[in-house]
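Structure at a glance
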Amino acid sequence: MIKAGIIGATGYAGVEILRILQSHPEVQIAAISSVSFEEQGIDTVYPNLYGIEERKLTHSDEVIAGSDVVFGSLPAGVSEEFAQKCVDRGAVFIDMGADFRLDDEAVYAKWYKQAYKRPELHEKAVYGLTEWNRAEIAKAPVIGNPGCFPTSVALGLWPALMGGLVKTGSIVIDSKSGVTGAGRGLTQNTHYAELNEGFAPYKIGAHRHTPEIEQTLSKMAGTQVQVVFTPHLLPINRGILSTMYLKFADGATLARAHAAYEDFYRKEPFVRVLRAGDIANVKNVRYSNYCDISLHEDAHTGTLIVVAAIDNMVKGAAGQAIQNMNVRFGLPETMGLTMVPPAF
Ligand SMILES: NC(=O)c1ccc[n+]([C@@H]2O[C@H](COP(=O)([O-])OP(=O)(O)OC[C@H]3O[C@@H](n4cnc5c(N)ncnc54)[C@H](OP(=O)(O)O)[C@@H]3O)[C@@H](O)[C@H]2O)c1
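Residues numbered from 1 in each chain as written. Predicted model: local features only at pLDDT ≥ 70, side-chain atom pairs only at ≥ 80, totals over all residues. Heavy atoms only, no water.

You'll find the chain entered in an unreviewed UniProt entry as N-acetyl-gamma-glutamyl-phosphate reductase, with Feifania hominis given as the organism. We quote the UniProt Subcellular location (unreviewed entry) comment for the chain here in full: "Cytoplasm". (UniProt positions renumbered as here; feature names shortened; annotations may be inferred.)

Next up on the list: the UniProt feature "domain: Semialdehyde dehydrogenase NAD-binding" (unreviewed entry) in the chain. Mapped onto this numbering, the UniProt entry gives "domain: Semialdehyde dehydrogenase NAD-binding" (unreviewed entry) at residues 3-140. Along residues 3-140 one finds 38% helix and 18% strand; the C-alpha atoms at either end are 17 Å apart. (Helix = DSSP H or I, 4+ residues; strand = E, 2+ residues; numbered from the N terminus.)

Okay, the nonpolar core next. One finds L21 and F71 to be the most contacted residues of the largest nonpolar core, which totals 40 residues. At the level of elements, β1 (2-7), α1 (12-21), β2 (27-33), α2 (42-45), β4 (69-72), β5 (92-95) and α12 (314-328) are the ones that each hand at least two residues to this core. Looking at this core element by element, the count peaks at seven residues for α12. Each residue touching L21, except ones within four places of it in the same chain, is listed here: A4, V27, I29, F71, I322 and M325. Counting 38 residues, the second largest nonpolar core, distinct from the first, contains I213, M220, I293 and I310. (Core = buried A, V, L, I, M, F, W, Y, C linked by side-chain atoms within 4.5 Å. Buried < 20%, exposed > 50% of the residue type's maximum accessible area, 1.4 Å probe, protein only. Contact = heavy atoms within 4.5 Å.)

Another point: the sheet that holds strand β7 (residues 142-144). The sheet built from seven strands is open, its strands ordered β3-β2-β1-β4-β5-β7-β6 with parallel pairing. Edge positions in the open sheet fall to β3 (57-58) and β6 (125-127), since each of these has one partner strand only. The pairing of β6 with β7 spans three bridges and is parallel. Bridged to V126 within β7 is I143. Sheet contacts for helix α7 (residues 130-137): β6 and β7; angle to β6, the most-contacted strand, approximately 155°. (Pairing = 2+ DSSP bridges. Axes fitted to C-alpha atoms, helices over the stretch in contact; angles between N-to-C directions.)

Turning to the environment of I32, a few remarks are in order. Here I32 shows up in strand β2. I32 gets classed as buried once you look at its relative accessible area, which sits at 0%. Taking the C-alpha atoms as reference points, I32 and S67, separated by 35 residues in sequence, lie 10.0 Å from one another. For I32, the contacting residues outside a window of four places in its chain are I6, A9, L18, I42, R55, K56, L57, T58 and V63.

The next point concerns the packing of aromatic side chains. For the structure shown, the criterion picks out eight aromatic pairs. For the pair Y108 and Y112, a centre-to-centre distance of 5.1 Å together with 15° between the ring planes defines the contact as stacked. Residue Y108 and its partner Y112 are both found in helix α5 (residues 105-112); the two are separated by four residues, about one turn of the helix. With a relative accessible area of 2%, Y108 lands in the buried category. Using a relative accessible area of 6% as the deciding quantity, one classes Y112 as buried. For the pair F149 and F229, a centre-to-centre distance of 5.3 Å together with 70° between the ring planes defines the contact as edge-to-face. Of this pair, F149 sits in helix α8 (residues 148-162) while F229 sits in strand β10 (residues 227-233), and the two are 80 residues apart along the sequence. Using a relative accessible area of 2% as the deciding quantity, one classes F149 as buried. The exposure class of F229 is buried, given its relative accessible area of 3%. Among the aromatic side chains, those forming a connected cluster through ring pairs are W132, W158, F264 and Y265. Over the ring of Y290 we find R272, and its NZ or CZ is 4.3 Å from the ring centre. (Phe/Tyr/Trp six-rings, centres within 6.5 Å; stacked < 30°, edge-to-face > 60°. Lys NZ or Arg CZ within 6 Å of the ring centre and 35° of its normal.)

Okay, here's the thing in structure tokens:
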């Protein structure tokens, strides 16, 4: 049995990891921590866990001391210290935040307004988009779990970029996220009255996931890629839908793209390329680790339109982190993650 711990277990991503791990056959929860709720039972913070998981929230040192794998579910800028302690102890650290996702420290400093305190630690870290990076994840001491928007975008565009089906010059990404994407902390735009019946973009041209998206797409395309990325806040709890617009490369067609995507993802357990004509919908992936992808065209402008849907809390966060843990510990990749999305 693998002993797993969670630092920041009272946040949305942390408690989702705890929920999913309840039915993982090879994982035993070692300890969970919180700063604000230390010594309280997790079921008092999240009553859905009453009678199922009632352990006390403890200090992060206790989590690190008792775990083979530690999930850090924390705001940007605080993970390095915990990662270092895990590395020193020989435990694997999987970071849900952005501290180990970017290759270039200057890019991190520009977007996150802080510097690395332990630059050497970042050389040990790998990017945890599981389908893209399995071999590296399997031996990494520190794994930077991808952002939720970047997961939908990278899986949605990888075959098109790798297969030369599209031009890389003018990629437009229009993404929508459910409100759990903002975490548990209160902000004005996530108040019920502000959110309900509303729908608008936010952080236009300035969202922190932009450099992560460009970093991954550039690697996939083998050339520097820039994107226009506009996130929107949806008045639903869970789900991310990314609609992406790219110009077809010379000779490429929708039929060719569809065949290429089907072939590319044939063996991937969590990526579903939908039948021609079907449309990806956040409703069909809720509570599951699936990424649904549908392909369309705007023939009169020669545009390929890719729609990718994930549950931001599962494939966009906790599910992918557990998928990475499975890879890292040599377990079947789907173990504990075969949740079937409900129909309604
Ligand atoms: N929500 C999503 O859909 C999603 C998806 C992908 C990635 N992520 C990333 O995952 C991370 C967690 O996101 P979230 O949505 O779960 O946020 P959240 O609901 O705001 O939770 C953050 C957690 O961090 C703890 N915390 C805050 N400051 C801390 C500190 N200095 N030391 C230790 N713990 C501290 C808080 O708990 P206590 O006060 O109880 O300690 C809380 O449990 C973020 O980096 C986020 O970007 C989130």
